[in-house]
Amino acid sequence: MRSFASFGIGPLGSISIQHTIGSDDSDRPAGISSDAWIRLQDTVGIVITSRQTGTTLPPRATGYFVVKHDGVWLKLADDAMPA
């Protein structure tokens, strides 16, 4: 029987804490500010496009994943959604 692993992001708050503690954001996509960049691995990251604060707990954010392929950061987009 095969077993499958799943990948979960978890609350963005915990990702932000990990990002703040130990990450080098000097290699990030062009035009992305350091406060919008969350590097997950050498070739995977998240770009935060907006943050929503208020009564929602945890606070919400919107953004997109990027991957590095052949030395170039590429935005991952869902073909069903407009770019």
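In this text the structure is predicted, and so the values were computed from the model without any measurement.

(A) Up close: the overall build of the protein chain. Counting its regular elements, the protein chain contains one helix and four strands. Of the contacts formed within the protein chain by residues at least 6 apart in sequence, a portion of 24% connects residues at least 24 apart. Accessible surface for the protein chain amounts to roughly 6,600 Å². Of this, 55% is attributable to carbon and sulfur atoms.

(B) Quick peek at the pattern of salt bridges. Going through the model one piece at a time under the given rule, you end up with three salt bridges. One salt bridge connects D27 with K68, and the closest N-O pair in it is separated by 2.5 Å. Here K68 lies in strand β3 (residues 60–69) and D27 lies in the loop between α1 (12–21) and β1 (37–41), a separation of 41 residues in the sequence. Overall, K68 belongs to the partly exposed group, its relative accessible area being 25%. Residue D42 pairs with R39 through a salt bridge whose shortest N-O separation is 3.5 Å. The exposure class assigned to R39 is buried, which follows from its relative accessible area of 17%. By sharing partners, the salt bridges in this structure join D27, R39, D42 and K68 into a single network.

(C) The pairing of β3, seen in detail. Of the strand pairs in this sheet, strand β2 (residues 44–52) and β3 are connected by eight bridges, and their pairing is antiparallel. Paired with R51 across the two strands is A61, which belongs to β3. Looking at chain direction, β3 and strand β4 (residues 72–75) are connected through four bridges and run antiparallel. Across the sheet, the residue bridging to V67 is L74, located in β4. Between β3 and β4, which pair antiparallel one after the other, the connecting turn spans two residues, and D70 there sits at a positive phi close to 55°.

(D) Seen up close, the sheet that holds β3. Strand order in the open sheet formed by four strands is β1-β2-β3-β4, and the pairing between neighbours is antiparallel. Edge strands, defined here as strands with exactly one partner in the open sheet, are β1 and β4. Neighbour-to-neighbour, the strand axes of this sheet turn through a mean angle of 30°, independent of strand direction.

(E) Region of the structure containing the packing of aromatic side chains. This structure, assessed with the given rule, holds one aromatic pair. Summarising the aromatic geometry, the rings of W37 and W73 are spaced 5.1 Å apart at their centres and angled 75° between planes, so their arrangement reads as edge-to-face. With W37 in strand β1 and W73 in strand β4, this pair connects stretches of sequence that are 36 residues apart. Pair check on accessibility: W37 and W73 agree, each one buried. The side chain of K75 reaches across the aromatic face of Y64, ending 4.4 Å from its centre.

Criteria and cut-off values
- Counting restarts for each chain, with residues numbered from 1 along the sequence as it is written.
- Confidence filtering applies because this is a predicted model: local features only for residues at pLDDT of at least 70, side-chain atom pairs given and counted only at 80 or more, and all residues used for totals across whole chains, interfaces and linings.
- Calculation of side-chain values draws on the structure's entire complement of heavy atoms; hydrogens and water are dropped beforehand.
- Counting from the N terminus, the helices are the DSSP runs of H or I reaching at least four residues and the strands are the DSSP runs of E reaching at least two.
- Residue contacts are counted whenever heavy atoms from the two residues lie within 4.5 Å of one another.
- Using the Shrake-Rupley algorithm and a 1.4 Å probe, accessible areas are obtained, with residue cover drawn only from the displayed protein chains.
- Salt bridges, as used here, are contacts in which a Lys or Arg side-chain nitrogen is within 4 Å of a carboxyl oxygen on Asp or Glu.
- Using a 1.4 Å probe on the protein chains alone, a residue whose accessible area is under 20% of its type maximum counts as buried, one over 50% counts as exposed, and one in between counts as partly exposed.
- For two strands to pair, DSSP has to find at least two bridges joining them.
- Lines fitted to the C-alpha atoms define the axes, with helices restricted to the stretch that makes contact. Angles between their N-to-C directions range from 0 to 180 degrees.
- In this analysis, rings of Phe, Tyr and Trp, with Trp reduced to its six-membered ring, are considered paired at centre separations within 6.5 Å, and the interplanar angle assigns stacked below 30 degrees, edge-to-face beyond 60, and tilted for intermediate values.
- In our convention, an over-ring charge means Lys NZ or Arg CZ found within 6 Å of a ring centre and within 35 degrees of that ring's normal.

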